[in-house]
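# Observations on the model geometry
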Amino acid sequence: MSFNNLGLSNALLKAVSKKGYTEPSPIQNKTIPLILEGKDVLASAQTGTGKTAGFTLPLLQILSQGQQLSRRPVRALVLTPTRELAAQVFESVKDYSIYLDIKAAVIFGGVNQNPQVKALRNGVDILVATPGRLLDLHNQKLLSLAKVEILVLDEADRMLDMGFLRDIKKIIGLMPTRRQNLLFSATFSKEIKQLAQGFLHHPVMVEATPENTTVDKIIQKVVRVDKGKKPTLIIDLIKEGDWQQVLMFTRTKHGANKLSEKLVKSGISSAAIHGNKSQGARTKALADFKRGTIRVLVATDIAARGLDIPLLPHVVNYELPNVPEDYVHRIGRTGRAGASGEALSLVSVDEMEYVQGIEKLLDLKLPSEVLEGYEPTDRLEDVKKAKNNNSRGGGNNGRGRRNFRGKPRR
Ligand code: AMP
């Protein structure tokens, strides 16, 4: 299948070939003709599948064919959960519209609103936005959604996870009822289905990859290790394997900072990326990581969501997520675009229950091993006890540390 058969204009085909794409991805094959027909679409697609072009290309074609209104009101709105994703979608829109007379803008929080307001004043055909700043500017009467013809919810599941449901509903209420709606989501939870029912009209369902399965090309491994030994183990693995580009996940923002500091102290360049970091710091960390000036990007799930980091050789779950679906999102960052990748999970005894949840979701057994010098000795009941003590304000930092003979430390 080539891009030529999808019904896209020459200007878009030229932009696609400038990007170096030779054939459409499966999701693009499915969504592009449907969207061009004017259908509402409910698509199951993770990052890495080419979903952004899957909605941006037809959207641009529809906008460029439609009647150009003189003051250029917003005619298409793409909502994303995070600033990073908004920035990336905006870049894609710019790339694909290079040969079209289409104006685009991006707005998100955490930065000065003035440049965004200026862009809006100049007229915008397609607006990419995160919900908070969008409502903020709307409340200040700095933008109108009264002429929106197409609405895209990108990574809708993550928007719900982040508590944006009310904002989304408010935003929908600000638009004309007659419009085309596209919803992209990595998973189809009950909540997503409810949201979809509320605003999509006879949607066509499209699936890029079977729901909740991981890409075959990813080699998944579990290494069992005591929590207290994780830092030295990961430093050893990175140094011995000479890993150059590692995306590492922690469960908390604090954990991400601490781990990143430890890596830097041991001579491995690293940065942390999470919701408490300023927009500038996040953008810089991601750019440095892509450029290869930092080797390890330590991220929380929310911060990493939607990041476009192609060809990632190593994804490490420094801590496992307690939601199995997040594991699928995390490891989807490796083995992209035809390359193989390795997803390694460092699992302490108290995280074994998460492994079971993941195995159940994926319907497969994750190979698990123990590395020499890092044999785990922690016992579940001791770790749990330590955690309880810690949450009551006492205890040993909740780490359940034991000495090398496996006896609790005094
Ligand atoms: P996405 O899933 O939209 O985040 O896209 C993942 C990556 O695939 C991005 O780096 C895109 O530039 C790239 N991409 C999108 N469509 C194609 C295509 N048809 N052929 C090759 N790469 C693509």
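Residues numbered from 1 in each chain as written. Predicted model: local features only at pLDDT ≥ 70, side-chain atom pairs only at ≥ 80, totals over all residues. Heavy atoms only, no water.

### Structural notes on the site of the ligand
The following threshold applies: Put simply, a residue is near a molecule or strand once any heavy atom of it comes within 4 Å of that molecule or strand. Counted as a polar contact is a pair of N or O atoms within 3.5 Å, where, for protein atoms, one must be capable of donating a hydrogen and the other of accepting one, and residues adjacent in sequence contribute only when both atoms are in side chains. We get accessible surface area from the Shrake-Rupley algorithm with a probe of 1.4 Å; when it comes to residues, only the shown protein chains can shield them. Throughout, the ten residues Ala, Val, Leu, Ile, Met, Phe, Trp, Tyr, Cys and Pro are labelled nonpolar, Asp, Glu, Lys and Arg are labelled charged, and all others, Gly among them, are labelled polar.
As a matter of local geometry, the ligand sits amid 14 residues, with Tyr 21, Gln 28, Gly 48, Gly 50 and Thr 52 nearest to it. At 2.8 Å from a nitrogen atom of the ligand is found a side-chain nitrogen or oxygen belonging to Gln 28. Contact between the ligand and Lys 51: an oxygen atom at 3.3 Å from a main-chain N or O atom of the residue. Burial of the ligand by the surrounding chains reaches 74%, relative to a free accessible area of 500 Å². Considered class by class, the residues forming the shell around the ligand number 3 nonpolar, 7 polar and 4 charged.

### Details of the packing of helix 2 (residues 26–36) against helix 3 (residues 51–65)
Rule in force here: Between N-to-C directions, angles cover 0 to 180 degrees, with each direction set by a line fitted to C-alpha atoms, over the stretch in contact for helices. A run of H or I in DSSP counts as a helix once it spans at least four residues, and a run of E counts as a strand once it spans at least two, with each numbered from the N terminus. An angle below 35 degrees is read as roughly parallel, one above 145 as roughly antiparallel, one from 65 to 115 as roughly perpendicular, and any other as oblique. Should the near helix be turned counterclockwise from the far one by less than a right angle, the crossing is left-handed, whereas a clockwise turn marks it as right-handed. Only heavy atoms enter the contact rule, under which two residues are in contact if any of them lie within 4.5 Å.
Two elements in contact, helix 2 and helix 3, have axes separated by 8 Å at closest approach and are oriented at 25°. Classified by the interaxial angle, the pair formed by helix 2 and helix 3 is roughly parallel. Handedness of the helix 2/helix 3 crossing: right-handed. For the pair formed by helix 2 and helix 3, the contact residues are Ile 27, Gln 28, Thr 31, Ile 32, Ile 35 and Leu 36 on the first element and Lys 51, Ala 53, Gly 54, Phe 55, Leu 57, Pro 58, Gln 61 and Ile 62 on the second. Within the contact of helix 2 with helix 3, the residues separate by chemical class into 9 nonpolar, 4 polar and 1 charged.

### A short note on the pattern of salt bridges
Note the following rule: Salt bridges are defined as contacts in which a side-chain nitrogen from Lys or Arg sits within 4 Å of a carboxyl oxygen from Asp or Glu. Only protein chains enter the accessibility calculation, which uses a 1.4 Å probe; a residue is then buried when its area is under 20% of its type maximum, exposed when over 50%, and partly exposed in between.
Following the criterion strictly, the structure yields 21 salt bridges and no others. Taking the shortest distance from any N to any O, the salt bridge between Glu 342 and Lys 221 comes out at 3.3 Å. On the criterion of sequence distance, the pair formed by Glu 342 in strand 13 (residues 341–347) and Lys 221 in strand 8 (residues 218–224) is long-range, its members being 121 residues apart. Given a relative accessible area of 18%, Glu 342 falls into the buried group. Two residues, Lys 365 and Glu 359, come together in a salt bridge whose shortest N-O distance is 3.3 Å. Taking relative accessible area as the criterion, Lys 365 reaches 67% and is therefore assigned exposed. Among the charged side chains, a salt-bridge network with shared partners connects Lys 51, Asp 154 and Glu 155.

### Thoughts on the confidence of the model for the protein
Spelled out, the test is: A residue's pLDDT is the predictor's confidence in that residue, given on a scale from 0 to 100.
Averaged over all residues, the pLDDT of the protein equals 87, while 89% of them reach at least 70. Of the regions scoring below 50 in pLDDT, residues 393–410 engages in 22 contacts with residues more than four places distant in sequence or in other chains.

### Side note on the nonpolar core
In plain terms, the rule: Only buried residues count toward a nonpolar core. Its members are Ala, Val, Leu, Ile, Met, Phe, Trp, Tyr and Cys residues joined through side-chain atoms within 4.5 Å.
Counting 41 residues, the largest nonpolar core has Phe 55 and Leu 57 as its most contacted members. Ranked by the residues each element gives to this core, the list is headed by helix 3, at 7 residues. Residues in contact with Phe 55, not counting those within four places in the same chain, are Ile 35, Val 78, Val 89, Val 152, Asp 154, Leu 182 and Phe 184. Core analysis: the second largest hydrophobic core is formed by 34 residues, Leu 137, Ile 168, Met 175 and Ala 196 among them.

### Regarding the sheet that holds strand 7 (residues 204–207)
Condition: One bridge is not enough; two strands pair if DSSP finds at least two bridges between them.
Strand order in the open sheet formed by 7 strands is 3-4-2-5-6-1-7, and the pairing between neighbours is parallel. Each having just a single partner strand, strand 3 (104–107) and strand 7 make up the two edges of the open sheet. For this sheet, the mean inter-axis angle between neighbouring strands, taken without regard to orientation, is 15°. The pairing of strand 2 (residues 76–79) with strand 5 (residues 150–153) spans 4 bridges and is parallel. Of the residues in strand 5, the one forming a bridge with Ala 76 is Ile 150. Set on the sheet, helix 4 (residues 83–96) makes contact with strand 2, strand 3 and strand 4 (126–129); between it and strand 3 the angle comes to about 175°.

### Considering the environment of Ile 302
Mapping Ile 302 onto the fold places it in helix 13 (residues 301–304). Sequence separation of Ile 302 and Pro 81 is 221 residues, and the distance between their C-alpha atoms is 8.9 Å.

### Some thoughts on the sheet that holds strand 9 (residues 246–249)
Taking strand neighbours across the sheet as the criterion, the 7 strands line up as 10-11-9-12-13-8-14 in an open arrangement whose pairing is parallel. Two strands bound the open sheet, and with one partner strand each, they are strand 10 (270–273) and strand 14 (368–369). The pairing of strand 9 with strand 12 (residues 314–317) spans 4 bridges and is parallel. For Phe 249, the partnering residue across the bridge sits in strand 12 and is Asn 317. Along the sheet, helix 11 (residues 253–265) contacts strand 9, strand 10 and strand 11 (296–299); its crossing angle with strand 10, the most-contacted strand, is approximately 175°.

### With respect to the packing of helix 14 (residues 324–331) against helix 15 (residues 352–362)
As a packed pair, helix 14 and helix 15 sit with axes 8 Å apart at the nearest point and diverge in direction by 75°. As summarised for this structure, helix 14 and helix 15 are arranged roughly perpendicular, according to the angle between their axes. Only Gly 357, Ile 358, Leu 361 and Leu 362 of helix 15 make contact with helix 14, whose side of the interface consists of Pro 324, Glu 325, Tyr 327 and Val 328. Across the contact of helix 14 with helix 15, the residue classes tally to 6 nonpolar, 1 polar and 1 charged.

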